Amino acid sequence: NSMSLTGISFAKEGELMSSVLGLSKKENPYTPYFFSMDWTGTYVGFKNFLRNIEKNLVIIDIDSVSFNSPENGSDSYKFKIKAMIYLKQWIEKMSF
């Protein structure tokens, strides 16, 4: 059931969401980020992962999911998710 993250990348989307909704930057509290994640794991583990994303309170739109079939009788797949996450602008100002 385990999944292993093998790669991740982020890119700030910019003003797309504000322009689509017709909002000024002050009126739109969210900043969209594109991200891509590469995973390896079982099909059941991947379904559980997607279920957890669906239940998450953070707004995430999954754009595409791709995967390769297992090699040599293994049950380990390679998955790739491309998505957009929407974060409140105040989160960007926080320092950890």
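Above: the structure in question.
Residues numbered from 1 in each chain as written. Predicted model: local features only at pLDDT ≥ 70, side-chain atom pairs only at ≥ 80, totals over all residues. Heavy atoms only, no water.

## Comments concerning the overall build of the protein chain
Here is step 1: The number of helices and strands found in the protein chain is three helices and four strands.
Here is step 2: Relative to its full complement of 96 residues, the protein chain shows a buried share of 26%.
Here is step 3: When the accessible surface of the protein chain is summed, it comes to about 6,900 Å², and 54% of that surface belongs to carbon and sulfur atoms. (Helix = DSSP H or I, 4+ residues; strand = E, 2+ residues; numbered from the N terminus. Buried < 20%, exposed > 50% of the residue type's maximum accessible area, 1.4 Å probe, protein only. Areas by Shrake-Rupley, 256 points an atom, 1.4 Å probe, with all protein chains shown as cover.)

## Some points on the pairing of strand 4 (residues 77-88)
Here is step 1: In this structure, strand 2 (residues 30-41) lies alongside strand 4, joined through 12 bridges in antiparallel fashion. Within the sheet, the bridge partner assigned to Pro32 lies in strand 4 and is Tyr86.
Here is step 2: Inspection of the sheet shows strand 3 (residues 59-68) paired to strand 4 by nine bridges, in the antiparallel sense. Across the sheet, Ile62 pairs through a bridge with Ala83, a residue of strand 4. (Pairing = 2+ DSSP bridges.)

## Section: the sheet that holds strand 4
Here is step 1: The strand order 1-2-4-3 describes an open sheet built from four strands, whose pairing is antiparallel. The open sheet has two edge strands with one neighbour each: strand 1 (3-12) and strand 3. Direction aside, neighbouring strands of the sheet carry axes that sit 20° apart on average.
Here is step 2: Strands strand 1, strand 2, strand 3 and strand 4 of the sheet are contacted by helix 2 (residues 43-55), whose axis makes an angle of about 5° with strand 4. (Axes fitted to C-alpha atoms, helices over the stretch in contact; angles between N-to-C directions. Contact = heavy atoms within 4.5 Å.)

## Remarks on the nonpolar core
Here is step 1: Ranked by size, the top nonpolar core spans 12 residues in total: Met3, Tyr33, Phe35, Met37, Trp39, Phe46, Phe49, Ile53, Phe79, Ile81, Ala83 and Ile85.
Here is step 2: Elements with a minimum of two residues in this core: strand 2, helix 2 and strand 4.
Here is step 3: The residues contacting Ile81, other than those within four sequence positions of it, are Phe35, Ser36, Met37, Trp39, Phe46, Phe49, Leu50, Ile62, Ser64 and Val65. (Core = buried A, V, L, I, M, F, W, Y, C linked by side-chain atoms within 4.5 Å.)

## As for unusual backbone geometry
Residues other than glycine predominantly adopt negative phi, and peptide bonds predominantly adopt the trans conformation.
Here is step 1: Positive phi values are uncommon outside glycine, yet Asn72 reaches one of about 55°.
Here is step 2: Note on Asn72: relative accessible area 82%, which makes it exposed.

## Describing the packing of aromatic side chains
Here is step 1: On inspection of all chains with the given rule, the structure shows eight aromatic pairs.
Here is step 2: Look at Tyr43 and Tyr77: their rings are 6.3 Å apart centre to centre, the planes differ by 55°, and that puts the pair in the tilted class. Of this pair, Tyr43 sits in helix 2 while Tyr77 sits in strand 4, and the two are 34 residues apart along the sequence.
Here is step 3: For Tyr43, a relative accessible area of 42% puts it in the partly exposed group.
Here is step 4: The interplanar angle of 35° and the centroid separation of 5.7 Å between the aromatic rings of Tyr77 and Phe79 together place this pair among those described as tilted.
Here is step 5: Among the aromatic residues, those joined into a cluster by ring pairs are Trp39, Tyr43, Phe46, Phe49, Phe67, Tyr77 and Phe79. (Phe/Tyr/Trp six-rings, centres within 6.5 Å; stacked < 30°, edge-to-face > 60°.)

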